[in-house]
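The chain contents come next:
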There are 2 protein chains.
Amino acid sequence: MREVAIIGIGQTPVDEHWDKSLKELAGEALLAALFDAGRESAESLFIGNMLSGILSKQENIGGLISDWIGLPGMEAEKVEAACGSGAAALRAGLMAVSSGEVDSALVLGVEKMTESLPMETTEALATAADADYESAQGLSFVAINALVMQLYIHTYGWKHTDFAPFSINAHANALHNPFARLHEAITEKDYINARMVAEPINLLDASPTGDGAAAALLVPADSIAPDKRQVKIIGSASATDTIAIHSRKDPLWLSAAEKSVRKAYDQAGVGPEDIDFFEVHDAFSIMSVLSLEACGFAERGQGPKLGVNGDITITGRIPITTRGGLKARGHPVGATGMYQVVEAVQQLRGEANPTQVEHPRIGLTQNIGGSGATIITHILKAG
Amino acid sequence: MREVAIIGIGQTPVDEHWDKSLKELAGEALLAALFDAGRESAESLFIGNMLSGILSKQENIGGLISDWIGLPGMEAEKVEAACGSGAAALRAGLMAVSSGEVDSALVLGVEKMTESLPMETTEALATAADADYESAQGLSFVAINALVMQLYIHTYGWKHTDFAPFSINAHANALHNPFARLHEAITEKDYINARMVAEPINLLDASPTGDGAAAALLVPADSIAPDKRQVKIIGSASATDTIAIHSRKDPLWLSAAEKSVRKAYDQAGVGPEDIDFFEVHDAFSIMSVLSLEACGFAERGQGPKLGVNGDITITGRIPITTRGGLKARGHPVGATGMYQVVEAVQQLRGEANPTQVEHPRIGLTQNIGGSGATIITHILKAG
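Now for a look at the structure at hand.

Procedures and definitions
Along each chain, the written sequence defines residue order, and numbers are assigned to residues from 1. Chains and ligands are labelled by the order in which they are written, letters from A for the one and numbers from 1 for the other. At least 70 in pLDDT is required for a residue's local features to be given in this predicted model, at least 80 for side-chain atom pairs to be given and counted, and no such filter applies to totals for whole chains, interfaces and linings, which use all residues. By convention in this description, side-chain values take in all heavy atoms of the structure and omit both hydrogens and water. Only buried residues count toward a nonpolar core, which is a set of Ala, Val, Leu, Ile, Met, Phe, Trp, Tyr and Cys residues joined through side-chain atoms within 4.5 Å. Exposure is judged per residue with a 1.4 Å probe applied to protein chains only, and the accessible area is read against the type maximum: over 50% gives exposed, under 20% gives buried, and values in between give partly exposed. Any pair of residues with heavy atoms lying within 4.5 Å of one another is described as a contacting pair. Think of it this way: any DSSP run of H or I at least four residues long counts as a helix, any run of E at least two long counts as a strand, and we number them from the N terminus. Helices are assigned an expected span. That span is 1.5 Å times one less than the residue count. Think of each axis as a best-fit line through the C-alpha atoms, taken over the contacting stretch in the case of a helix, with angles from 0 to 180 degrees between the N-to-C directions. Reported orientations rely on four angle classes, namely roughly parallel under 35 degrees, roughly antiparallel over 145, roughly perpendicular from 65 to 115, and oblique for the rest. Should the near helix be turned counterclockwise from the far one by less than a right angle, the crossing is left-handed, whereas a clockwise turn marks it as right-handed. Classification convention: Asp, Glu, Lys, Arg as charged; Ala, Val, Leu, Ile, Met, Phe, Trp, Tyr, Cys, Pro as nonpolar; all other residues, Gly among them, as polar. Pairs of N or O atoms are called polar contacts if they sit within 3.5 Å, as long as, within protein, a hydrogen donor faces a hydrogen acceptor (for residues adjacent in sequence, only side-chain-to-side-chain pairs). Put simply, buried area is the surface a 1.4 Å probe can reach on two separate parts but cannot reach once they are joined, added for both. Criterion used throughout: strands pair if DSSP finds at least two bridges between them.

### Describing the nonpolar core
A:Phe297 and B:Phe297 are the most contacted members of the largest nonpolar core, which totals 138 residues. Once residues lying within four places of it in the same chain are set aside, the contact partners of B:Phe297 are B:Tyr265, B:Pro272, B:Ile275, B:Phe278, B:Leu292, B:Leu306, B:Arg317, B:Ile318 and B:Leu364. If you look at the next biggest cluster of nonpolar residues, it comprises 76 residues, including A:Ala88, A:Met338, B:Ile6 and B:Val107.

Right, here's the structure in full:
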């Protein structure tokens with residue numbers, strides 16, 4: 001199995017891009033990644049996307065996008081794992097290169113969400129949950145997460161305000177990220193007074209969706225001269241859990257996160273103590289807490305402590321959402337996993353000022369599809 | 001790169017399965033494939049599916065299906081390339097195993113189409129074409145193929161009836177395939193008198209859609225004792241073309257078919273003369289002709305000759321659609337690519353009576369997404 005390196009990254013700002021279509025967003029990120037790598041083409045393209053068929057009435061986007069970027073003959077397919085689509089595409093690209101099937105692969109996460117009405121988007125997002133036993137009963141995604149957060153607070157005895165540091169940290173880190181959707185520092189008071197969405201989840205617990213695209217170019221590590229700007233993928237694993245929350249023995253434990261991170265730790269030969277920062281899937285603040293616990297950074301039920309103690313800030317023990325996370329960079333669902341990877345590469349290259357983690361060597365990214373049904377973990381290492 | 005073998009196959013009949021949901025169809029095929037291989041689980045699951053989000057309001061089917069078959073922790077993702085999704089999933093599974101990332105992978109093609117109204121299905125299928133420049137102009141899929149067939153007849157001087165052998169052959173081959181949707185022999189007279197759909201495409205030029213699932217279990221070839229029932233994947237390649245027909249220099253040439261088959265021939269070290277049968281993507285009879293030409297079995301513009309001469313029958317020079325093809329086995333879009341593979345394995349194992357090709361050694365399968373925008377080719381070899 002060949003080691004694989006990321007040699008180029010590109011992204012568009014996460015925003016309401018009313019003037020740009022799915023393929024235009026995709027093209028911007030892909031051409032930026034090629035330019036960043038100093039290349040003009042790649043053999044294959046793997047696209048993480050969740051909603052193009054439902055919201056843009058467009059499937060078969062492999063052919064559409066490869067044509068649009070001027071490489072119409074290349075291999076190109078879409079990979080879908082709900083909000084985990086981005087990392088699923090990365091894993092597909094990784095396997096294509098590591099297997100020797102291809103010598104270069106572009107990986108793209110892209111989502112175009114402003115082509116539809118808000119109600120349509122909510123319905124489309126609900127396709128990530130169990131259609132028969134969750135969505136059809138009226139459980140929207142925020143409602144599912146609200147049930148989980150409620151149960152967590154009840155079970156472990158935390159207060160809602162104990163979750164505030166996760167949102168405050170994300171917003172602070174996004175402030176100077178030009179690709180972030182929200183550039184607005186928030187305070188604990190803002191958090192407490194935020195409008196309720198689905199109790200106990202308020203507006204500052206929930207991440208905003210948006211349009212966006214993020215991309216990376218992958219090549220075999222031994223095909224290029226060593227370079228500080230290249231980043232190696234040293235761990236990659238994907239695992240699933242029951243799609244419906246009610247089927248899980250413990251709805252407060254992300255078993256797919258634990259399974260995939262353990263495999264990735266083993267591959268990389270590292271443990272939580274070696275991780276210098278963690279791009280966590282904070283679709284809701286409760287998800288950050290559950291991921292941190294499943295990945296070994298906190299005991300079961302003790303995740304909020306990492307926020308309260310300041311461990312999650314840029315200078316803390318385990319900095320998370322270093323460029324704003326889903327909460328403030330924004331959550332263009334199928335693209336999110338690739339935003340996490342692009343941001344991790346920025347950190348490992350030392351290009352993340354003013355929220356640069358000090359001399360990071362190893363970064364962790366974790367991307368979640370549905371309420372923990374599909375979880376994909378990657379471990380990246382500085383070149 | 002490790003060589004990969006298919007050691008188990010499973011399928012459901014293609015039909016209107018009003019009593020079965022997407023996950024139930026998937027489960028039947030997957031459990032049959034595991035049973036056929038004498039195994040109880042696999043590490044990963046790659047799912048080819050096009051329409052679950054639109055028609056079943058269900059994405060994230062990796063988690064859904066792995067949970068349903070009793071393997072809720074396994075890696076599981078969906079791959080989408082319109083009607084080429086099945087072969088795209090096979091290629092993903094192949095790369096997962098050949099890279100060494102996993103030691104066993106289930107590959108599934110599944111589609112549930114009877115949950116929606118016929119008009120919804122037509123609209124959903126149109127997402128495989130260019131949403132802005134084709135679908136939005138009212139061009140349905142059959143309309144696009146009708147334009148191509150019209151142009152072909154006009155350019156190369158064939159008559160519509162010259163295409164009859166493709167449908168007659170497919171129907172004859174499906175007659176005793178218990179998994180086929182149509183069990184009805186047809187004559188040239190039936191073909192001539194068939195109801196027009198979109199001139200010149202009539203009902204017997206077009207394949208019927210349906211519900212269905214087909215699956216295979218992949219393992220490294222060197223991990224198992226040599227066995228006549230195992231089939232090796234010796235060639236695999238995917239290529240794209242412009243999604244919109246009007247953007248192509250020559251709309252009568254499947255350049256993505258040519259690109260992908262050439263790569264696959266090179267990998268396998270074979271040429272068209274070595275192929276003992278060809279599971280062709282006969283969504284419309286014109287597509288069989290274009291594929292045969294692009295894959296080197298006929299000169300440009302001469303594809304219909306292979307039908308007229310009887311070359312495509314089971315005892316002919318290059319038997320195609322040996323179990324009925326899309327035309328008569330049926331075309332459950334995202335599942336079709338895996339039906340082709342399952343049928344090729346049946347042929348190579350000698351389990352395809354009464355339409356068994358005589359002692360086949362090497363089989364070709366080709367799966368097409370959209371009107372030739374994504375084309376994926378596999379070459380399989382008897383164990």
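Still more to cover.
### Let's talk about helix H4 (residues 85-98) of chain B
A rise of 1.5 Å per residue sets the reference length of H4(B), with its 14 residues, at 20 Å; its end C-alpha atoms lie 20 Å apart and thus fit the reference within 8%. Taking burial as the measure, the 14 residues of H4(B) include 14 buried ones, the bulk of the element.

### As for the packing of helix H6 (residues 141-156) of chain A against helix H10 (residues 285-294) of chain A
Residue and element names in this part refer to chain A. Taken N-terminus to C-terminus, the directions of H6 and H10 make an angle of 60°; their axes are 9 Å apart at the nearest point. In terms of orientation, H6 and H10 fall into the oblique class. The two elements H6 and H10 meet at a crossing, and its hand is left-handed. Across the interface between the two elements, Asn145, Val148, Met149 and Tyr152 of H6 pack against Ser285, Ile286, Met287, Val289, Leu290 and Glu293 of H10. Across the contact of H6 with H10, the residue classes break down as 7 nonpolar, 2 polar and 1 charged.

### Looking at the side chain of B:Thr374
In this fold, B:Thr374 is placed in strand E11 (residues 374-382). Within the local environment of B:Thr374, its side chain forms a polar contact with the side chain of A:Asn60, the two groups lying 2.8 Å apart. Apart from the residues within four sequence positions on either side, B:Thr374 is in contact with A:Asn60, A:Gly63, A:Ala76, B:Ala81, B:Ser238, B:Ala239, B:Thr240, B:Asn367, B:Ile368 and B:Gly369.

### Describing the interface of chain A and chain B
Contact with chain A, which involves 60 residues of that partner, is made by 60 residues of chain B. Carbon and sulfur atoms make up 48% of the area that chain A and chain B hide from each other, which totals about 4300 Å². Three residues stand out in chain A for area buried against chain B, namely A:Asn60, A:Glu80 and A:Glu101, and they jointly supply 16% of the buried area on that side. Taken together, the links from chain A to chain B amount to 34 residue pairs in polar contact (both at pLDDT 80 or more). When residues of the side of chain A that touches chain B are traced back to their parent elements, those giving at least two are helix H2 (52-55), helix H3 (61-68), strand E3 (75-80), helix H4 (85-98), strand E8 (231-240), helix H9 (255-268) and strand E11 (374-382) of chain A. Examined bridge by bridge, E3(A) and strand E3 (residues 75-80) of chain B share 3 bridges and lie antiparallel to one another. Paired with A:Glu80 across the strands is B:Lys78, a residue of E3(B).

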